[in-house]
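This is what each chain is made of:
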Amino acid sequence: RKKLSDFDPSRSAKFFILGSCVVAPIIRTWYLALDRIVKFPGARGALTKMCMDQGLFAPCFIVIFSTSAFTLNGGQPQNLMSHLKGIYFDILISNWKLWPAAQIINFYFIPLQHRLLVMNLVALVWNTYLAWKTNQTKPTIQ
């Protein structure tokens, strides 16, 4: 358990920047695109959106997120690939343990205008994991 004196305001600021400038705009655009692309109603539409989200979007977005976090933490380009190799599959597998069920619920029951809000609630748990995982080892700064 960490003490309040161990709190790192710069780490929180970096995650705020990452969420505001990278994550939110990309995910909002993705949800709008999914709604335009997938026209199936009901369960078939929700399942199609979830499969597209988890099969196409999530693997790519994890790279974008991890690269952005690595860069904001001062990582050097020459160390990026080894960093990604060390965390990518753990994050992807963990992603598939949480997000498919959350997305099925989101796409089936939640109207488009509220989906980002609902996902932000799930993301509180997810982002805690991502913050821990992407900060397990500090990037090598040379």
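Everything in this summary refers to the structure shown in the same document.

Structural notes on the packing of helix H2 (residues 42-72) against helix H3 (residues 80-109)
Packing of H2 against H3 leaves a shortest axis separation of 8 Å and a crossing angle of 150°. As summarised for this structure, H2 and H3 are arranged roughly antiparallel, according to the angle between their axes. Crossing angle aside, the handedness with which H2 passes H3 is right-handed. For the contact of H2 with H3, a count of residues per class yields 21 nonpolar, seven polar and two charged.

Re the pattern of salt bridges
Note that side chains of opposite charge can pair when their charged atoms are close. Scanning the model with the defined rule gives two salt bridges in all. Note that Asp35 and Lys49 form a salt bridge whose closest N and O atoms lie 2.7 Å from each other. Placement of the pair is Asp35 in helix H1 (residues 9-37) and Lys49 in helix H2, with a sequence separation of 14 residues. Several salt bridges share partner residues, and in doing so they unite Asp35, Lys49 and Arg115 into one network.

A word on the side chain of Asp53
Position of Asp53 among the secondary structure elements: in helix H2. One buried charged residue, Asp53, remains without a salt bridge, the closest side chain of opposite sign being Arg115 at 10 Å. A polar contact is formed between the side chain of Asp53 and the side chain of Trp30, at a distance of 2.7 Å. In contact with Asp53, other than residues within four places in its own chain, are Trp30, Leu34, Ala58, Gln103 and Phe107.

Here's the deal with the packing of aromatic side chains
All chains considered together, the criterion is met by nine aromatic pairs. Plain terms: the ring middles of Tyr31 and Phe107 are 5.9 Å apart, the flat faces sit at 85° to each other, and that makes the pair edge-to-face. Placement of the pair is Tyr31 in helix H1 and Phe107 in helix H3, with a sequence separation of 76 residues. For the pair Tyr31 and Phe107, one class covers both residues: buried. Grouping aromatic residues by their ring pairs yields a cluster made of Phe15, Trp30, Phe57, Phe61 and Phe65. Directly above the ring of Phe40 sits Arg44, whose terminal nitrogen or CZ lies 3.7 Å from the centroid.

Here is what the cut-offs are and how they apply
- Residues numbered from 1 in each chain as written.
- Predicted model: local features only at pLDDT ≥ 70, side-chain atom pairs only at ≥ 80, totals over all residues.
- Heavy atoms only, no water.
- Axes fitted to C-alpha atoms, helices over the stretch in contact; angles between N-to-C directions.
- Helix = DSSP H or I, 4+ residues; strand = E, 2+ residues; numbered from the N terminus.
- Parallel < 35°, antiparallel > 145°, perpendicular 65-115°, else oblique.
- Left-handed = near helix turned anticlockwise from the far one by under 90°.
- Nonpolar A, V, L, I, M, F, W, Y, C, P; charged D, E, K, R; others polar.
- Salt bridge = Lys/Arg side-chain N within 4 Å of Asp/Glu carboxyl O.
- Buried < 20%, exposed > 50% of the residue type's maximum accessible area, 1.4 Å probe, protein only.
- Lys, Arg positive; Asp, Glu negative; His and termini not counted.
- Polar contact = N/O pair within 3.5 Å; in protein donor to acceptor, adjacent residues only side chain to side chain.
- Contact = heavy atoms within 4.5 Å.
- Phe/Tyr/Trp six-rings, centres within 6.5 Å; stacked < 30°, edge-to-face > 60°.
- Lys NZ or Arg CZ within 6 Å of the ring centre and 35° of its normal.

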